[in-house]
Structures are given as C-alpha cells and as structure tokens.
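Coordinate analysis (summary)
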There are 4 protein chains.
Amino acid sequence: MNTFGRNFRVQIFGESHGEAIGVVVDGVKAGIPLAKEDFSKDILRRKSGAKGTTPRIEADEPEILSGVFEGHTTGAPIAIIFRNTNTRSSDYKELLDVPRPGHADWTASVKWNGFNDPRGGGHFSGRLTLPLVAAGVIAKKQCGFTFHADLVEIGGETDKDKWPDLLDATAKEGDSLGGIVECHVEGVPAGLGEPFFDSVESLISHAVFSIPGVRGIEFGDGFAAARLHGSDHNDPLVATKKPVLAKNGAGGVNGGITNGAPIVFRVAFKPTSSIAKTQKTLNIKTGEMVDLNVKGRHDVCFALRTPVIVESVAAIVLAGL
Amino acid sequence: MNTFGRNFRVQIFGESHGEAIGVVVDGVKAGIPLAKEDFSKDILRRKSGAKGTTPRIEADEPEILSGVFEGHTTGAPIAIIFRNTNTRSSDYKELLDVPRPGHADWTASVKWNGFNDPRGGGHFSGRLTLPLVAAGVIAKKQCGFTFHADLVEIGGETDKDKWPDLLDATAKEGDSLGGIVECHVEGVPAGLGEPFFDSVESLISHAVFSIPGVRGIEFGDGFAAARLHGSDHNDPLVATKKPVLAKNGAGGVNGGITNGAPIVFRVAFKPTSSIAKTQKTLNIKTGEMVDLNVKGRHDVCFALRTPVIVESVAAIVLAGL
Amino acid sequence: MNTFGRNFRVQIFGESHGEAIGVVVDGVKAGIPLAKEDFSKDILRRKSGAKGTTPRIEADEPEILSGVFEGHTTGAPIAIIFRNTNTRSSDYKELLDVPRPGHADWTASVKWNGFNDPRGGGHFSGRLTLPLVAAGVIAKKQCGFTFHADLVEIGGETDKDKWPDLLDATAKEGDSLGGIVECHVEGVPAGLGEPFFDSVESLISHAVFSIPGVRGIEFGDGFAAARLHGSDHNDPLVATKKPVLAKNGAGGVNGGITNGAPIVFRVAFKPTSSIAKTQKTLNIKTGEMVDLNVKGRHDVCFALRTPVIVESVAAIVLAGL
Amino acid sequence: MNTFGRNFRVQIFGESHGEAIGVVVDGVKAGIPLAKEDFSKDILRRKSGAKGTTPRIEADEPEILSGVFEGHTTGAPIAIIFRNTNTRSSDYKELLDVPRPGHADWTASVKWNGFNDPRGGGHFSGRLTLPLVAAGVIAKKQCGFTFHADLVEIGGETDKDKWPDLLDATAKEGDSLGGIVECHVEGVPAGLGEPFFDSVESLISHAVFSIPGVRGIEFGDGFAAARLHGSDHNDPLVATKKPVLAKNGAGGVNGGITNGAPIVFRVAFKPTSSIAKTQKTLNIKTGEMVDLNVKGRHDVCFALRTPVIVESVAAIVLAGL
C-alpha cells in the first residue's frame, strides 16, 4: 500500500513516464494558509541540474486539485498532481530482459507478474519523491517545527570542498557515489510518540526507508552508541529554567517519546544504481551473462537531492503526532 | 498505539511490575500446530541469568488463553499472558523526582501527566519484549522462513573470546555496554513487500525500533554503502538454475521488494541505561543537581538478550506479507 | 481482524468454552479513575438469568491485568480478562456434522478449514460481547456522553406489559424471538466525525454489526425517511441561546458530522438461532436431511441482553472521535 | 479520513465546485484489463438528466493518471480524476448565514471552523459519489462477483408505474422524495469476512453509510427479522450437489462470514434535502427565523441515481476480502 500515517495520511501515486504523479494528503487541519508558491523552495531543493545530478529537467509545477479554498486549507483532503512532461519511454524494452542491477526492475516484475510499468522504473522511480516533498511542505506547516537536513558525506568524504572534484572524477569513470544525510528537527515539545510500535524512531525510520536508496538510519549516537559505555551515552537532565538534557546521545527520543531535545538522525544513501560503467549481469530471457551499460540521464550522486526528502518524510510523521 | 501489523497483527500490553504482561496475535492462519512447549526455546534465549545479564529471574511461563484448540491454531486471535511474579515495587518513588538518565521515566511522565506506572519503567520496560518473543514464535511458524540473529559486537569488540573479560571489567566499574546484532532471514521468496511506505525495510525498521534501546539499523552494506561506488555496491544477477544475485549488498531487498536473497540487517543497541556508577543529574522537584546511583538488578549489556527479539519482530513483519 | 478503532482501539479475543475471554483497550487517556467496581453495573445489565434469557450463569468477574495504577488509567493499554468457569464442551461433536441453522458453525468451519473451536460457537459466541461491554465502560468514561439504549420491541410487540406472556408462550413452543433496541446518545457536541468513510453513521453501524445477530440499523427517521417528503424530514435550525434543531429526523448527524442533537439509532436483532423446536436441516457428512433439536441453555430472546452492548459499541466509536 | 479499506483501499478527494474530484485506488491486482471505456456504463447509471434528477450535467469523463499500462492494471495505485466543468459558485455566500436544513453546511462549518469550501456543499457534495463509482468499477473487476442494485421504492410507493406521476407531483410542490435500494451480490463464495469487527455486514454498512443521505441498512430479513420467530428466520442447509441454504433470511452472512448465498441488503435513502418549497429556518448571523427557498439545480429524488453507488461501495468492500 502506498499510504502512510494514521492521523496525517499521505497517499502517493504515479509512474516516472506516466500521465502524472501525485499525492493526496488527508488529515490536514483547516485554516492553514497554503498557496502554490509555498511549494517552490522545497521543490527546487530536490531538483536536478546541479553538479552530480541528472540533466533530466521537469517543470515540477504543482497543481492543487482540492482541499484549498480562498488561500487556506479547508480540512478536506488535498490532492496535488505533477504532470510528467519530459518523458522518454522508448528504451525500456531492453531492460525487461536485462534488469538493471540495484534497481527494482526484476523484483517489480516478479511481484506484479510482469504487468508493472517498466518505463524509467515506473512506480518505483525516485521521481515519486516529488509528491513526498509536496506533502512535506504541508506537513511542515501543520507541525510548525524546524527541519534542517544536510548532506554531510559523499562517498566517505566529509570535506565539502573536495566534493566537486570527487563528483567529476566519478562521473568520468561512469560510476556513482552514495552519501549520508543528517537531519535535525527543532522545536519539538516533549511527550510526542508512543512506546514500542509507534515510537518516534519507529515511525521516522518507517517513513525514511520509503525513500528509494536508503540503506541505514541511526538516531543520536547511533551505531556509535553500541561502542560507548552507558555512562558516556546517557543524557542526564540539567537544571535550567526548565529541565533540559545536557547532551543528546539519544537523538531527542527516550522510550519512543520525544524528550524536548532536537530529534537528530542520519540516513545512509547508497550510490546511484544506474551507472554508465560496464556491469556484468544476467539476461534473464537467454540465461546468459551480458555486459550492461545503463543508458539514460542519471545522478552521479542522487543523495545530493535527498536532504529535503528526508525532511519531508520526517515532517509527515511529526504532523500526525 | 501498541499494535503492529496489517494482516498479521500484534497487540502488546502490561507493565514490568503489574499483574501480567501479554500479547494478542491476530491474523494467524488456522491449522498451525502450536503448543506451550514451542515457546520454550526462544523464551530461554531471551532470558537473563548468563554473564552480563540481570539476576532478576522470572518464570516466563506462557499461558495461552485463546486461539488454540486441540493443539492447532483456530484462526481466532491468540492471547498469551505471562504473570509477573518477581516484582519489587518499593523503590520507585525516588525516581519520580530523579528520573534515570537514558530511561523513559521523564518522557512517560510528561506524556501521561504523571499517571504512568513508574515501577520498573512500567509499560516502557524491556520486559515487554517477552510477549514480542512469544508473538515471534507464532510468526516464525506462519511464515516458515529461517531466522538467525546473533550478537556480533559488544562495546566495539568483535572478538567473542574477549567478551567475558570486557563484561567483568565493565560490571566492576558499575558501567554498561552496547552491542550490535546481525540478523539473517533465509528462505524468503522474491516478490514480498511494497514500494515506498510498505517496503520491507520500512516495515522491519519500524518493528525493530519498537525494541527499547535500539539506536540504528542498516540493511545489506548499510552505512558502508554510502562510501562505496555504484559499481561495487550493485548486486548483479547471475545465471544458475534460476536467477540469483552474485552478492547481497542490498540485504535482500530492491525497491522495497524482496529479491530472493537472504534479508540481512544489523541493529545497534545502546549500552544499558541503568548503571550503578554515579551520574550527575537533575532532581526535577528541587531543581538541584544530584548524584544518582541506579539501584536494582540490571544487565551490564542487555544487547546479549536481544538477538531473539530482533528475530521475533522481523518474523512479525514477514508473517504478514 | 478482531480490532476496531483508530485512536481508541479495542482488540477482543477468546472462545465460549476456552480458558478466558478478554479485551485490550488501547488509546485510553491517562488519569481516568477506574476500578473493578466500575464494570459491575453494565456487566449485570448484560447478564442472563432474567425471564427470556439463558440459565447459564457465569461469574463475569473482570480481571484487570494492565493499564491501571493506583486507581487511574495510566495511558498504557488496558487488558481485561474473564475466566470461563461454567463450560460444558462435551456435545459439540454432533454439530460438526449437523451445523445449527442461523449459526456460524458452518461458515466458521469453511473459513478456517475445520480448525475453528466449535464448542459453544467458539470465538463466534455471543459470550464475546462481554469484553465489548467492559471496553464500553472505559469508552463511556473517556467520552463523557450519556448513553440510553432500551429494548423497544420484542417479536413485533411494543407493549412491554405483554412481553412476559409472549416470552412464556414462545419458550413453551421451543421457539425464539427477536427485538429492536433504540439507543440515544446525549451530550455529544457538534463537529465530531468525518465526511464519507468515517462518518459517524459509518463508524457506529460498523461497530453495531459486529454484535452477533444484528440484521439492521437505522438513524433518526431511518427507513421511514425513505417514505417522507424532504419538507417533513429536514431538520431546520431554530433560534435559542445557541442554534439547535427543531426536530431530529437525521438522528444527530448531518454529512457524517454530529450536529449537537442526540445521536439516535435503532438496531434490529434477529430471533435467537438456537431453538429446541425441531428443524429440518442437513447432515453435511451423510448428505441427508435430519431433524435437529438444538440442546443446551439458550436465550428465548437474546435481544433482552443487548441494550448495554449497543451502548458499549457506540461508546467505543465515540471515545475515538 | 477519506480512506476506506485495508487491502483494497480507496482515497477520495475533491469539492463540488473545485478543480477536480477524484480517487486513488490502491491494492489493485496487477494484470486486470482496464480501459477508460470500462467506466462508461456505471458512470452513466449515476448520471442525472432523467425524470426526477437534477438538470446539472457534467461530462464526467474519467482521466486515468496512473496504475494502468498497455491496457492492464500494473499493481501500482490507480489515480482517476474528473474535472469539474459546470460549476456555479456565485450564490454560496448566502448559505453561510442560512445553512440549508438537512445539509452539512452547518456541521462542516463547525468542524472546520468556517474554512470549509461551502460552494455546492464542497467536499460534502453528492458529487463525490462519482469517484466512488469509478473505484467500484475496478473493485467489481477485481472480485468478479455480480452486483444488482435496484430502486424498489420511492416515497413509499413500490409500484414503478406510479413513479412518474409521483415525481411530477412532488416536483410541482417544490418538494422531494426518498427511496429504498435493494442490492444482491451473486457469486460470492462461502468463507469471506471475519467475526465481529470485520464482519461482512460491518464492512458493507460502513461503506454504505459513507454515501450521503443514507438513513438505514438491513440485511436479509432485516428489521422484519426482529418480528419473526427463530423457526421462521433460521436458514437451514439443504442437500443438493453441495450444501446450500433453503432460504436467505440472513442475507448471505452468518457470524460475519459469507455462507455462499447471495448477499442481500436494502438501503434507505432520505428525500433530497434541497427543496424549492419554503422552509422556516435560522439565520445564524442575525439569530432570526427566516424563509428559505433553496436555489440551484437539484434532484427531486436523488435515490434514483444511487443503485450504482450502492453496488460500488459493496464492491469496494468485497474486492478487499
């Protein structure tokens, strides 16, 4: 199912090279000011065109079909669509025989008995993160918290000055790079979330792993916590005007419930699966190993475009708590 | 809400020092052989008593109240309870004033306006993982896959021979250790899961973060994937009797859908929050910083008891797909 | 699935002649005073023993396992069980061959491939309405509205003075009677519910049809509305201190949303299916038509016991809005 | 929330006089043949224009945005929109002060603090049943059962020959009429549904009450069952090639589970709320009682257009079982 959320609910739909992609956002409070322009900034942050990203440019113009009246949300579901304009669906038949490594070509075909739309990954395309960003814009308004996600590492390199050269070199090899995004959510009051299944970490990780290409998530000290002593990892309360935490090794959550410190988590993105470089893989029709050079327009490092997506899904979670 | 799952659904309840803890498992197929004895092995794996674990010993005897008739599941919901016998609820009043760092004492109290049961962490206690394990036993039977979770690291140490000394030394300091669990699920056919929100990684991470003390999760190459090139991380199909993957950097999932390779993920557990060692923290009543030495019986490294819990929540996910 | 509700959630379990039946109530607010005694009145209203009801008497003593601490709800899920004591499971094997007309014996067996617990209807038993009543007690406290359900008709007879004779005569014939329950919910503010799928009528009817033996439900003017003119059925607002409705043909709901008038609905219960009178039916093993006289202890008119159940399921709905 | 269904899920959106209305249908099996033309027949059955229905004519042309590729469903969510063309939004401001009796004008405004779109009922409009019908077309294909719903009564009159005169006379008075729809679903195997909360009656009634204007629903003998003896209402099995029921007083469902007989239910629709005839009602701004003559184009008896809607929501339920 392509739905997320209990009280703030997002339903996405669409295919990379179909008519349109879109989202229905339900559970939005009435009376929130909302105009088309509110989407521009976040949509632009996700856009391609910069170094390391695909040259496929889409207009990415949101069309609000419902749920907004006289500049405010009405309480009814908000449907937003984005027409696909820059589609090229000619070359997909090849990948029916030679599924691209790292893509969902093969698993989608197994799951849906070959009826899946294979053009550009179809419904599995990263293009579907655009409606997620649109939903995120509404979610951010509803919860009112501040979201800062940033790419902190590309291909293991944390020094941003070195990224342009790294991207250039990798592009030249026809290869790709992954990255790590760190997200801080500020202004979250203590007491949100539930113990166990609806813990804040459960919900955020659920939403984050819905972004194509995520390989890991960690909160606060994360995997490093497993190497610390309890006396180093524990966050004691300290005396100020109101109780606050001395440090934030837990990433803002204790027992699944927010503790008033910023929610902090990091997300690992794999390198782009589509690479020009030759890969040996299987032709599933002939049963023979073949050389594959993935054609088309691809990001060298799609993680560059993901910080706003990470913010968006976190906002979708928090708007519903 | 303390429920997880759409078609295989688990509802847990109970408090550490209350009458009983338990679980209702709904969506179980009719006709699965099930007896009390089937729970013994996994419950034993979770049990304390070994080096590095708490000396609080509970009988952990499952009482099956419903859903089983003449040795088989009936299709109706299965309710299982565990009576709490070895409870000590005298000393909790102290921690109302001085919430233990790293615990949910304070967030639970904020969330529930001070009406939460504070004894031993109440509903937030790790003891609630016992019903999760019971549900996992049923889930494993229903899905029929093979689960192998193992602790691969304690306090940064991967050499198991060195763990006993490490645990002893840490116990002597009144401190605690975290650890990393690696889980392999074998026998999973290709085609399970959904794109986006109900991706296998989304569902498993959701369930895993419901285990108290989890700080991170990664699938396949995980965070390391963010440092690889696409040509190294991609898993090409190779020709055998049926298409299989040459390697498993994706951890068994592409585009949210299983690809027939084992599902592989690693979970980072924080060090036990309750430590004997002195911690400076806040008395929220007086507003003064105080010395806290957490009393009671605690695990030096509760991660030692978690592999079976990790298997259980993964099984709960997979039984519903 | 045996779960109902999004934000106030009820999970029932158990079988008529099993160990215990019970309910887990999740989403309960913290701080509601709750003691065992609070359940007595409603449980007594559901109880058998009066004229027209079965002589099977159960203790119906609720055992609260979790979610209550020092006399108040904690915010954690509340599990309540009722031990089955007065069970007789000897004679069920007969009805495996000759399913009782009007019962779920046959459909349960088809659904669960013969693994269902057949004793006394197993999980399909009306005895499962007891945990519903327990959940209703909590729900009533949470929403704070006033519920009045009453039996207004037995076997087509609306004059209550004539009911004792009617019940006696029907019992003598070994037959049974149905009835109609009318429920009023007062104190409901305007603005609850949603348009379309989560309309108040949708949710209440969903919950009401989960009571075994319900054949129909109508709100306000109900089926009679279909025979009225719009000018008679419409409820105009009138001027008082605040706008109120001049009449209540809509039963308190417009467009799925409460309008501040009492919610009014009527529920039709079928006659008890188990009758002593001879019925011709099929022996599904032999394929021959046989005479069936249902043995055991049964209500002549189980509708007599249902008003409190109707109130309970309505409360379960409204506690979640 | 405007979502219905667990495994076959429908999300509707839109307003009567907004950009577009639509639906996202999720959980559709891959490989079902589906073309725009498949929607024509059912959309036409819902259309206005016949005697007794509104003269507002919309093109009602479905635009399939996703989920269909080369003439077959892909397994991905299917989004369908209908542009609103024939909108008139000038006169709505009047009804902000004088909410129309029987409509959601007032409750919508209370619920959404006056931010609801009031034009033509906004999101509460019966026009939203058009996407329900579109979803129903897909649902019917997925479940493969046969649906026959028919209007059996208008304003209490069951003789269809007398309906034209009745409609004319009522229109002349500026008044409106209700009606009763009877629906038969054939080809349903035994064993679908669940006991209690997910009983077939619970789910169908939930879906049916999401249709604006429904006042009651009954299954099989319905309210009449409450006036029968058990010996008359019970449906015994009889011997044929496979066990079948001698009669269908239960309407095809026992214990919440289908029994293989047709599912039969009747739905009561209220008379159209919008009438030209003068109604005394409240001006909520001035607090004075005023004369209201509802303007616009309305059905004398909107129940005439509902049989296909009733079929659709039943199909939506059954496609998910």
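Let us look at the structure shown here.

1. Examining the overall build of chain A
- Helix and strand content of chain A: 8 helices and 17 strands.
- Computed over the C-alpha atoms, the radius of gyration of chain A is 21 Å, within 12% of the 20 Å expected from 2.2 N^0.38 for a compact globule of 321 residues.
- Projected onto its principal axes, the C-alpha positions of chain A cover 70 × 55 × 40 Å.
- Across the 321 residues in chain A, those meeting the buried criterion constitute 63%.
- The long-range share in chain A, meaning contacts at least 24 apart out of those at least 6 apart in sequence, stands at 71%.
- Of the accessible surface of chain A, which amounts to about 10600 Å², a share of 51% is contributed by carbon and sulfur atoms.
- In chain A, 35 side chains carry a positive charge and 38 a negative one; their mean positions are 2 Å apart.

2. What about the packing of aromatic side chains?
- With the rule as written, the count across this model stands at 22 aromatic pairs over all chains.
- Ring pairs connect the aromatic residues Phe209(A), Phe219(B) and Phe265(B), which therefore count as one cluster.

3. Observations regarding the interface of chain C and chain D
- Counting residues at the interface gives 96 residues for chain C and 97 residues for chain D.
- Both sides of the chain C and chain D interface together cover about 7600 Å² of buried area, and 64% of this is carbon and sulfur.
- Among the residues of chain C in contact with chain D, Phe196(C), Phe197(C) and Arg215(C) are the three that bury the most area, contributing 13% of the side total.
- Linking chain C with chain D are 4 salt bridges, by the criterion used here.
- Note that Glu194(C) and Lys111(D) form a salt bridge whose closest N and O atoms lie 3.9 Å from each other.
- At the boundary of chain C with chain D, the tally comes to 41 residue pairs in polar contact (both at pLDDT 80 or more).
- Class assignment for the residues of the side of chain C that touches chain D results in 43 nonpolar, 37 polar and 16 charged.

4. What about the relation of the copies chain C and chain D?
- Least-squares fitting of chain C to chain D yields an RMSD of 0.0 Å, with the superposition described by an axial translation of 0.0 Å and a rotation of 180°. With respect to symmetry, the two chain copies, as superposed, fit the operation of a two-fold axis. Among all C-alpha atoms of chain C, that of His206(C) lies closest to the rotation axis, at 2.5 Å.
- Comparing interface residues between copies, 100% of those in chain C also lie at the interface in chain D; the contact surface is shared.

5. Observations concerning the state of the cysteines
Residue and element names in this part refer to chain B.
- Enumeration over the complete set of coordinates arrives at 0 disulfides over all chains.
- No disulfide involves cysteine 183; its sulfur sits 11 Å from that of cysteine 143, the nearest cysteine.
- Using a relative accessible area of 0% as the deciding quantity, one classes cysteine 183 as buried.

6. Considering the sheet that holds strand β10 (residues 214–219) of chain B
- The sheet built from 8 strands is open, its strands ordered β8(A)-β9(A)-β15(A)-β10(A)-β10(B)-β15(B)-β9(B)-β8(B) with antiparallel pairing. The open sheet terminates on both sides in strands that have one partner only, identified here as β8 (146–154) of chain A together with β8 (146–154) of chain B. Neighbour-to-neighbour, the strand axes of the sheet open up by a mean angle of 20°, direction not taken into account.
- The strands touched by helix α8 (residues 307–319) of chain B within the sheet are β8, β9 (179–186) and β15 (263–269) of chain B, with β8(B) carrying the most contacts at an inclination of about 140°.

7. Focus: the pattern of salt bridges
- Within the structure shown, the criterion is met by 100 salt bridges over all chains.
- Salt-bridge contacts for Arg100(C) lead to Asp105(C); the nearest nitrogen and oxygen are separated by 2.7 Å. Just as Arg100(C) is buried, Asp105(C) falls in that class too.
- In this structure, Lys51(D) engages Asp168(D) in a salt bridge whose closest nitrogen and oxygen atoms are separated by 3.0 Å. Of this pair, Lys51(D) sits in the loop between α1 (40–46) and β4 (63–64) while Asp168(D) is found in helix α5 (residues 163–172), placing the two residues 117 residues apart along the sequence.
- Residues joined by salt bridges that share partners form a network here, namely Glu19(A), Glu63(A), Arg83(A), Glu19(D), Glu63(D) and Arg83(D).

8. What to know about the interface of chain B and chain C
- Counting from both sides, the interface comprises 44 residues of chain B and, opposite them, 44 residues of chain C.
- Across the chain B/chain C interface, buried area totals approximately 3300 Å², and carbon plus sulfur atoms make up 62% of it.
- Per-residue buried area on chain B facing chain C is highest for Met1(B), Phe69(B) and Phe115(B); these three make up 20% of the total on that side.
- Taken together, the connections running from chain B to chain C amount to 2 salt bridges.
- Notably, a salt bridge pairs Glu63(C) with Arg83(B), separated by 2.9 Å at the nearest N-O pair.
- Counting across the interface, chain B meets chain C through 10 residue pairs in polar contact (both at pLDDT 80 or more).
- Looking at the side of chain B that touches chain C, the elements with two or more residues in it are β2 (9–13), β3 (20–26), β4 (63–64), β6 (72–73), β7 (78–83) and α2 (92–97) of chain B.

9. Quick word on the relation of the copies chain B and chain C
- After a rotation of 180° and a shift along the axis of 0.0 Å, chain B superposes on chain C with an RMSD of 0.0 Å.
- Interface overlap between copies: 100% of the residues of chain B at the interface are likewise at the interface in chain C, consistent with a symmetric, same-surface contact.

10. Details of helix α6 (residues 200–208) of chain B
- The buried fraction of α6(B) is high, at 9 of 9 residues.
- Taken together, the buried positions of α6(B) are Val200(B), Glu201(B), Ser202(B), Leu203(B), Ile204(B), Ser205(B), His206(B), Ala207(B) and Val208(B).

11. Looking at the side chain of His233(C)
- Position of His233(C) among the secondary structure elements: in helix α7 (residues 230–233).
- Residue His233(C) is classed as buried on the basis of its relative accessible area, which comes to 2%.
- Side-chain polar atoms of His233(C) contact the side chain of Asp221(C), separated by 2.7 Å.
- A polar atom in the side chain of His233(C) sits 3.1 Å from the side chain of Arg215(D).
- Filtering out sequence-adjacent residues up to four positions away, His233(C) remains in contact with Asp221(C), Ala225(C), Leu228(C), Lys247(C), Gly249(C), Ala250(C), Arg215(D), Lys270(D) and Pro271(D).

12. Structural notes on the environment of Gly136(B)
Residues and elements named next belong to chain B.
- Structurally, glycine 136 can be placed in helix α4 (residues 129–143).
- Each C-alpha atom of the pair glycine 136 and aspartate 42 lies 8.7 Å from the other, and the pair is 94 residues apart in sequence.
- Setting aside its immediate chain neighbours within four residues, glycine 136 contacts Ser312, Ala315 and Ile316.

13. With respect to the pairing of strand β17 (residues 288–292) of chain C
Residue and element names in this part refer to chain C.
- As paired elements, strand β16 (residues 279–283) and β17 share 5 bridges and run antiparallel to each other. Residue pairing for β17: asparagine 283 is matched across the bridge by glutamate 288.
- Where β16 hands over to β17, the hairpin turn is made up of 4 residues, of which glycine 287 adopts a positive phi near 75°.

14. Here's the deal with the side chain of Asp299(A)
Residues and elements named next belong to chain A.
- Checked against the element boundaries, aspartate 299 lands in the loop between β17 (288–292) and α8 (307–319).
- Residue aspartate 299 is classed as buried on the basis of its relative accessible area of 10%.
- At 3.1 Å, the side chain of aspartate 299 and the side chain of arginine 305 are in polar contact.

15. Some remarks on the nonpolar core
- Ile217(C), Phe265(C), Ile217(D) and Phe265(D) are the most contacted members of the largest nonpolar core, which has 139 residues in total.
- Discounting chain neighbours no more than four positions away, the residues touching Phe265(C) are Val181(C), Glu182(C), Cys183(C), Ile204(C), Val208(C), Ile217(C), Glu218(C), Phe219(C), Val310(C) and Ala314(C).

16. Considerations on the packing of helix α6 (residues 200–208) of chain A against α6(B)
- In the contact formed by α6(A) and α6(B), the axes pass within 8 Å of each other and the chain directions differ by 170°. Here α6(A) lies roughly antiparallel to α6(B), going by the angle between them. Between α6(A) and α6(B), the residues in contact are Ser202(A), Leu203(A), Ser205(A) and His206(A) and Ser202(B), Leu203(B), Ser205(B) and His206(B), respectively.
- Counted by class, the contact of α6(A) with α6(B) contains 2 nonpolar, 6 polar and no charged residues.

17. Quick notes on the packing of helix α4 (residues 129–143) of chain C against helix α8 (residues 307–319) of chain C
Residue and element names in this part refer to chain C.
- Interaxial distance between α4 and α8 falls to 7 Å at its minimum, and their mutual angle equals 50°. In terms of orientation, α4 and α8 fall into the oblique class. In this structure, the crossing between α4 and α8 has a hand that is left-handed. Within the contact between the two elements, α4 uses Thr129, Leu132, Val133, Ala135, Gly136, Ala139, Lys140, Gln142 and Cys143 and α8 uses Val308, Ile309, Glu311, Ser312, Val313, Ala315, Ile316, Leu318 and Ala319.
- Of the residues in the contact of α4 with α8, the class split is 12 nonpolar, 4 polar and 2 charged.

18. Here's the deal with unusual backbone geometry
Residue and element names in this part refer to chain B.
- The residue aspartate 60 is not glycine, and still its phi comes out positive at about 55°.
- Here aspartate 60 shows up in the loop between α1 (40–46) and β4.
- Judged by its relative accessible area of 5%, aspartate 60 falls in the buried class.

19. Here we look at the environment of Lys29(B)
Residue and element names in this part refer to chain B.
- Its place among the elements puts lysine 29 in the loop between β3 and α1.
- With a relative accessible area of 51%, lysine 29 lands in the exposed category.
- Lysine 29 sits 131 residues away from lysine 160 along the chain, and the two C-alpha atoms are 40 Å apart.
- With residues up to four places along the chain from it excluded, the contact list for lysine 29 reads Thr73, Gly75 and Gln142.

Calculation notes
By convention here, each chain's residues receive numbers from 1 onward along its written sequence. For this description, chains carry letters from A and ligands carry numbers from 1, given in the order in which they are written. Predicted model: local features are reported for residues with pLDDT of at least 70 only, side-chain atom pairs are reported and counted for 80 or more only, and whole-chain, interface and lining totals are derived from all residues. To get the side-chain values, take all heavy atoms of the structure and skip hydrogens and water. Elements are defined by DSSP. Helices are runs of H or I of four residues or more, strands are runs of E of two residues or more, and each kind is numbered from the N terminus. Computation of the radius of gyration draws on C-alpha atoms, with the globule rule given as 2.2 Å multiplied by the number of residues to the power 0.38. Accessibility here uses a 1.4 Å probe with only protein chains present; expressed as a share of the type maximum, an area under 20% marks a residue as buried, one over 50% as exposed, and anything in between as partly exposed. The contact definition used throughout considers only heavy atoms, calling two residues in contact when any of these lie within 4.5 Å. With residues, only the protein chains shown are counted as cover, and all accessible areas are computed by Shrake-Rupley using a 1.4 Å probe. His residues and chain termini do not enter the charge count, which takes Lys and Arg as positive and Asp and Glu as negative. To locate a charge, take NZ of a lysine, CZ of an arginine, CG of an aspartate or CD of a glutamate. Side-chain rings of Phe, Tyr and Trp, where Trp is taken by its six-membered ring, are said to pair if the distance between their centres is within 6.5 Å; with planes under 30 degrees apart they count as stacked, over 60 as edge-to-face, and otherwise as tilted. Accessible area that two parts lose when put together, evaluated with a 1.4 Å probe and summed over both, is termed the buried area. Throughout this description, the term salt bridge denotes a Lys or Arg side-chain nitrogen within 4 Å of a carboxyl oxygen of Asp or Glu. The definition of a polar contact used here is a pair of N or O atoms within 3.5 Å, where within protein one atom must be able to donate a hydrogen and the other to accept one, and adjacent residues in sequence count solely through side-chain atom pairs. As a working rule, the residues Ala, Val, Leu, Ile, Met, Phe, Trp, Tyr, Cys and Pro are called nonpolar, Asp, Glu, Lys and Arg charged, and the rest polar, with Gly in that last group. When the copies are overlaid, the least-squares fit takes in C-alpha atoms only where the residue has pLDDT of at least 70 in both copies. Only a pair of cysteine sulfur atoms within 2.5 Å counts as a disulfide in this structure description. Any two strands with at least two DSSP-identified bridges between them are counted as paired. Angles shown run from 0 to 180 degrees and are taken between the N-to-C directions of axes, each axis being a line fitted to C-alpha atoms and, for helices, limited to the stretch in contact. Grouping buried Ala, Val, Leu, Ile, Met, Phe, Trp, Tyr and Cys residues that are joined through side-chain atoms within 4.5 Å yields what is termed a nonpolar core. An angle counts as roughly parallel when it lies under 35 degrees, as roughly antiparallel when it exceeds 145, as roughly perpendicular when it falls between 65 and 115, and as oblique in every other case. Take the far helix as your reference; a near helix turned counterclockwise from it by less than a right angle gives a left-handed crossing, and one turned clockwise gives a right-handed crossing.

Shape descriptors only; they carry no functional weight alone.
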